Amino acid sequence: MSKSIVRRFIPIFGSKTIGVFAAFLATPIIVRILGTQRYGDYAFMLSVLSILLLFINAGIYDGIRKYIKESDRPAGWPDHVFGFYSRLGFSFAVLTLVTLFGLVESGLVAQFLGPRFELYFLLIAGTVVTQQAFSISRSTLMGFDREDISEKLMIANKLLSVFGGIVLILLGYGVPGLIAAKLIANGIIAGAGFLVIARFVTVRNVLRWPPNDFPRRRLLTFNLMSVALFGLFLSIKHVDILLIQAFYGSTANGYYKAALNLAEFVWFVPRIVQMTLLHSTSELWSEGRHERITDISSRVTRYSLLFTTLLIVGLAVLAEPTVQLYYGPDFQPAVLPLIILLPGAMGFAVARPILAIGQGKGEFRYIILATGGAAAINIVLNLFLIPEFGIVGAAIATSIGYFSMLVFHIGGARAIGFDPIADLRLPKVTTTVIVASAAIVILGMVIDSVPLSMLVIPPAGFLIYSAVAVAAGAISADELRELRDEVPI
């Protein structure tokens with residue numbers, strides 16, 4: 001695998017690891033202080049924020065990383081890309097701010113969701129602006145291959161928002177305190193980011209119109225296609241939460257969101273790879289190195305499949321004690337949805353890097369068709385199953401929808417011009433999964449003590465799985481040495 005890709009991966013991996021660890025420590029505290037209903041409110045507002053960010057970001061985060069990185073461009077190209085996307089991004093953010101204020105003032109929020117949601121929406125309105133600012137600053141630094149800086153800012157943002165939020169809810173501010181912490185953290189860290197960006201671009205270009213030959217249409221087309229793509233993407237991720245809120249309310253949503261949080265943990269590494277591959281493969285596509293792209297994509301797919309399968313086996317074996325220790329005994333209803341969600345979460349995780357490589361080429365037709373197919377399956381099944389079966393029905397529908405992402409995106413990748421399963425080694429991967437899973441399940445049955453199983457099974461399972469993977473040939477010793485050598489010391 002390319003050294004540049006691995007070197008970009010390392011700082012992103014570090015920031016994500018710290019962010020996940022901070023959230024891992026904070027979530028049980030937040031859940032216990034808020035309680036099931038208010039945690040359900042918070043989960044719902046996070047879904048609202050994600051959907052709003054889709055439209056205000058409008059592909060800007062990806063566009064900056066992709067186009068700043070492109071080579072063979074005229075002088076001043078990065079300045080004009082930065083200025084173009086900054087103007088576009090802040091315009092969308094301010095428009096959203098005004099719209100949300102209007103919805104609150106009109107009484108529609110209180111009428112349909114309840115009076116307590118009015119303050120939530122006002123805080124979300126401010127958050128979309130500061131989140132946009134942070135997103136622009138981070139993606140600009142990543143476009144200049146300065147992940148060493150962008151990810152330090154990401155860590156600071158995450159720690160400030162998470163632990164600042166805990167302080168505010170301990171002081172009695174509840175859900176508004178959590179949202180306010182996110183708003184403030186984004187604003188402070190975005191300001192620091194723009195100070196750093198001034199070393200790489202002329203920030204005043206935000207106010208300057210680009211030259212006539214600047215390819216606005218091309219950049220806007222990329223953005224519009226990104227919005228369509230990630231609109232479908234977010235519908236897969238959030239339609240279940242919105243429907244559960246509508247049919248069953250905040251308490252059921254709290255249980256389901258708890259299961260989702262744990263199931264989506266398996267996306268941890270594939271999400272980082274997805275972020276790294278977009279601007280890295282954009283270079284390779286522009287250079288016409290299609291065989292290299294297939295080599296990278298097939299290895300990434302195999303590594304992602306092996307890693308995420310290890311995680312879902314461990315989570316399945318330890319599902320009940322994990323939920324009880326992490327969220328508390330009141331969240332027992334989340335156990336079955338968690339187990340059901342795991343296969344789909346694995347499929348979605350493996351699909352993420354494949355999607356990013358196709359997006360790096362800028363050909364959205366097959367990517368949108370693939371994601372649209374998965375989104376259609378997900379929406380139909382959720383509409384059919386949630387009213388009848390509640391959060392269990394949501395887990396079944398969402399798991400199927402998640403897994404279909406992998407199937408559809410493999411076909412889309414081949415249509416685009418690369419094969420992500422050229423070196424999948426499916427028989428060897430399957431052997432690894434069956435043999436190692438059986439050993440881990442038996443180990444879980446042998447150990448009766450819950451605390452002991454939580455201490456022993458994760459490291460023992462990792463060693464068993466790794467040994468079986470190498471012995472079966474799912475990953476070779478040479479590949480492990482190559483990955484080790486590519487990591488900067």
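Residues numbered from 1 in each chain as written. Predicted model: local features only at pLDDT ≥ 70, side-chain atom pairs only at ≥ 80, totals over all residues. Heavy atoms only, no water.

### Examining the overall build of the protein
To keep things clear, this is the line we draw: Secondary structure elements follow DSSP: runs of H or I no shorter than four residues count as helices, runs of E no shorter than two count as strands, and numbering proceeds from the N terminus. The size measure is the radius of gyration over C-alpha atoms, and the globule rule it meets is 2.2 Å times the number of residues to the 0.38 power. Per-residue accessibility, obtained with a 1.4 Å probe over protein chains only, is compared with the maximum for each type, and a residue is labelled buried under 20%, exposed over 50%, and partly exposed between these values. Between two residues, a contact is recorded if the distance between any of their heavy atoms is within 4.5 Å. Every accessible area reported is derived by Shrake-Rupley at a probe size of 1.4 Å, with residue values counting cover from the shown protein chains alone. In this count, Lys and Arg are taken as positive residues and Asp and Glu as negative ones, while His and the chain termini are left out. Every charge is mapped onto a representative atom, which is NZ of Lys, CZ of Arg, CG of Asp or CD of Glu.
Across its full length, the protein holds 17 helices and 0 strands. Taking 23 Å as the expected radius of gyration for a compact globule of 489 residues, we find that the protein reaches 22 Å, a close match to that expectation. Counting only C-alpha atoms and orienting by the principal axes, one finds that the protein spans roughly 70 × 55 × 45 Å. Sorting the 489 residues of the protein into buried and exposed places 55% on the buried side. The long-range fraction of contacts in the protein, counting pairs at least 24 apart against all pairs at least 6 apart in sequence, stands at 85%. By element, 69% of the accessible surface of the protein is carried by carbon and sulfur atoms, the whole surface being about 20,000 Å². Distance between charge centres in the protein, computed from 38 positive and 30 negative side chains, equals 5 Å.

### Let's talk about helix α13 (residues 335–361)
So the rule is basically this: What a helix is expected to span follows from its residue count: subtract one and scale by 1.5 Å. Here the bend at a residue means the angle between the axes of two seven-residue stretches, the one that ends at it and the one that starts at it.
Its 27 residues place the ends of α13 40 Å apart at the C-alpha level, agreeing with the 39 Å of an ideal helix rising 1.5 Å per residue. Along α13, the sharpest kink reaches roughly 40 degrees, centred on L342 and followed within four residues by the proline P343. A large share of α13 lies buried, amounting to 22 of its 27 residues. G362, located one to two residues past α13, shows a positive phi value of around 85 degrees.

### Some points on the packing of aromatic side chains
Threshold: Pairs were defined over the aromatic rings of Phe, Tyr and Trp, the Trp ring being its six-membered one, requiring ring centres within 6.5 Å. Orientation was assigned from the angle between planes: stacked under 30 degrees, edge-to-face over 60, tilted for the rest.
The full count for this structure, using the stated rule, is 12 aromatic pairs. A centroid spacing of 5.5 Å and a plane angle of 85 degrees characterise the contact between Y255 and F331, whose relative ring orientation is edge-to-face. Of the two residues, Y255 is situated in helix α9 (residues 250–263) and F331 in the loop between α12 (319–327) and α13; the sequence distance between them amounts to 76 residues. Since its relative accessible area comes to 19%, Y255 is described here as buried. Residue F331 is classed as buried on the basis of its relative accessible area of 3%. Through a chain of ring-to-ring contacts, three or more aromatic side chains come together here, namely Y255, Y326, Y327 and F331.

### A closer look at the packing of helix α3 (residues 77–106) against helix α5 (residues 116–143)
To keep things clear, this is the line we draw: Between N-to-C directions, angles span 0 to 180 degrees; the directions come from axes that are lines fitted to C-alpha atoms, helices contributing only their stretch in contact. Any angle between 65 and 115 degrees counts as roughly perpendicular, while under 35 counts as roughly parallel, over 145 as roughly antiparallel, and the rest as oblique. Gly falls in the polar group here, along with every residue not listed as nonpolar (Ala, Val, Leu, Ile, Met, Phe, Trp, Tyr, Cys, Pro) or charged (Asp, Glu, Lys, Arg).
At a minimum axis separation of 8 Å, α3 and α5 run at an interaxial angle of 175 degrees. By the angle between their directions, the pair α3 and α5 is classed as roughly antiparallel. For the pair α3 and α5, contact is made by F82, Y85, S86, G89, F90, A93, T96, L97, L100, F101 and V104 and by E118, F121, L122, I124, A125, G126, V128, V129, Q132, A133, I136 and T140, respectively. Classifying every residue of the contact of α3 with α5 by side-chain character gives 16 nonpolar, 6 polar and 1 charged.

### So, the nonpolar core
As a reminder of what qualifies: We call a set of buried Ala, Val, Leu, Ile, Met, Phe, Trp, Tyr and Cys residues a nonpolar core when their side-chain atoms join them within 4.5 Å.
Counting residues in hydrophobic clusters, the biggest one holds 134 residues, and the most contacted among them are M45, Y85 and Y256. Leave out the neighbours within four places in its chain, and Y85 touches I60, G63, I64, Y67, I136, L219, F222 and N223. Among the nonpolar cores identified, the runner-up in size contains 5 residues, and V313, I440, I447 and I457 belong to it.

### Topic: unusual backbone geometry
With a phi angle near 55 degrees, R425 is a residue other than glycine that sits in the positive phi range. If you trace the backbone, R425 turns up in the loop between α14 (365–416) and α15 (426–446). Given the relative accessible area of 24%, R425 is considered partly exposed.

### A short note on the pattern of salt bridges
We count it as follows: Salt bridges are defined as contacts in which a side-chain nitrogen from Lys or Arg sits within 4 Å of a carboxyl oxygen from Asp or Glu.
Across all of its chains, the model carries 7 salt bridges by this definition. Between E151 and R138 there is a salt bridge, and its shortest N-O distance comes to 2.7 Å. One end of the pair, E151, is in helix α6 (residues 147–170); the other, R138, is in helix α5, with 13 residues separating them in the sequence. In terms of burial, E151 and R138 fall into one category: buried. Close ionic contact of D423 with R302 constitutes a salt bridge, the shortest N to O distance being 2.9 Å.

### Examining helix α8 (residues 216–248)
One turn of an α-helix holds 3.6 residues; hence residues three or four places apart share an orientation. For α8, with 33 residues, the first-to-last C-alpha span of 46 Å sits near the 48 Å given by 1.5 Å per residue. Where α8 bends most, at H238, the angle is about 45 degrees. At the exit of α8 stands G249, carrying a positive phi of roughly 90 degrees.

### Brief notes about a nonpolar patch on the surface
Definition in use: Exposure above 30% relative accessible area and the lack of any salt bridge qualify a residue for a patch; like charges then connect within 9 Å, and the nonpolar side chains Val, Leu, Ile, Met, Phe, Trp and Tyr within 5 Å.
A cluster of nonpolar residues, I18, F21, F24, L25, L159 and F163, forms a patch on the protein surface that exposes about 530 Å² of accessible area. Of all the elements, helix α1 (residues 3–57) adds the most residues to the nonpolar patch, at 4 residues.

### Examining the environment of P451
With respect to the helices, strands and loops of the structure, P451 is situated in helix α16 (residues 450–472). For P451, a relative accessible area of 54% gives the class exposed. P451 sits 433 residues away from I18 along the chain, and the two C-alpha atoms are 24 Å apart.

### Thoughts on the side chain of K257
If you trace the backbone, K257 turns up in helix α9. Nearest to the buried, unbridged K257 among oppositely charged side chains is E264, at 5.1 Å. Leaving out residues up to four positions away in the same chain, K257 has contacts with Y39, A43 and I241.

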